[in-house]
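Results of the structural survey
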Amino acid sequence: SEASAPAPSLQHLRLAPNKVTPHDFLAGEMLVLFEAAAGYALFKLSDKGALKNVDNLKKQFETPEAASKMVKLKAFKKFKDTTKALKAATAICEGKLDKNLEKFLQKKGPKEGKTKLAVMDSKLGNLIKKKTEIQCL
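Below or above, wherever it landed, is the structure these notes cover. (Residues numbered from 1 in each chain as written. Predicted model: local features only at pLDDT ≥ 70, side-chain atom pairs only at ≥ 80, totals over all residues. Heavy atoms only, no water.)

1. A closer look at the overall build of the protein chain
Each helix and strand counted, the protein chain has six helices and four strands in total. Helices and strands in the protein chain line up, N terminus first, as α-β-β-α-α-β-α-α-β-α. Sorting the 137 residues of the protein chain into buried and exposed places 38% on the buried side. A separation threshold of at least 6 residues defines the contact pool for the protein chain, and within that pool the share at least 24 residues apart is 65%. In the form shown here, the protein chain has an accessible surface area of approximately 8400 Å², with 53% of it arising from carbon and sulfur atoms. (Helix = DSSP H or I, 4+ residues; strand = E, 2+ residues; numbered from the N terminus. Buried < 20%, exposed > 50% of the residue type's maximum accessible area, 1.4 Å probe, protein only. Contact = heavy atoms within 4.5 Å. Areas by Shrake-Rupley, 256 points an atom, 1.4 Å probe, with all protein chains shown as cover.)

2. A closer look at unusual backbone geometry
In this structure, E133 is a non-glycine residue whose phi angle is positive, near 65°. Residue position: E133 is located in the segment after α6 (122-132). Judged by its relative accessible area of 72%, E133 is exposed.

3. Quick word on the nonpolar core
Membership of the largest hydrophobic core comes to 19 residues, with the highest contact counts inside it found for L33, L42, L101, L105, L117, L124 and I128. Every element with two or more residues in this core is listed here: β1 (30-35), β2 (39-45), α4 (82-93), α5 (99-108) and α6. Counting 13 residues, the second largest nonpolar core, distinct from the first, contains L45, F61, A67 and M70. (Core = buried A, V, L, I, M, F, W, Y, C linked by side-chain atoms within 4.5 Å.)

4. Focus on the pattern of salt bridges
Scanning all chains against the criterion turns up three salt bridges. A salt bridge links E29 to K44; its shortest N-O distance comes to 3.1 Å. Of this pair, E29 sits in the loop between α1 (22-26) and β1 while K44 sits in strand β2, and the two are 15 residues apart along the sequence. Relative accessible area serves as the criterion here: at 29%, E29 is assigned to the partly exposed category. According to the relative accessible area criterion, K44 is partly exposed, its value standing at 37%. A salt bridge links K99 to E102, with the shortest nitrogen-to-oxygen separation between them at 3.9 Å. With K99 and E102 both in helix α5 and three residues apart, the pair spans about one turn of that helix. A relative accessible area of 12% places E102 in the buried class. (Salt bridge = Lys/Arg side-chain N within 4 Å of Asp/Glu carboxyl O.)

Shape is all these values report; function is a separate question.
Here you go:
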């Protein structure tokens, strides 16, 4: 089900630092996966130009209004109940790919080769890439 979600905080946009270059951010479309207690959210990065100056990146997410200029909600998958939420959180903590997340990404995630998915946890990004062939940063 689609619904609105809060703008992500900067801490949820951290990426695997040893694998990301400025060119990665600026080439093609970028989606950001946000895992929250309520469900999974996919945001589309709308202003890649702002990423050219990494020093100002934190400023771009200081307020919900500023963050909404950087990212737009593309899709949201709400957990059906607390059991599903706990199962999803446990899978992420254990370095596993939750089946509901896999289905969500296959349905709503990147479809084109130039579209990348930014994921906070590099291990989760590797699992997503292995299971779905989605290019993750």
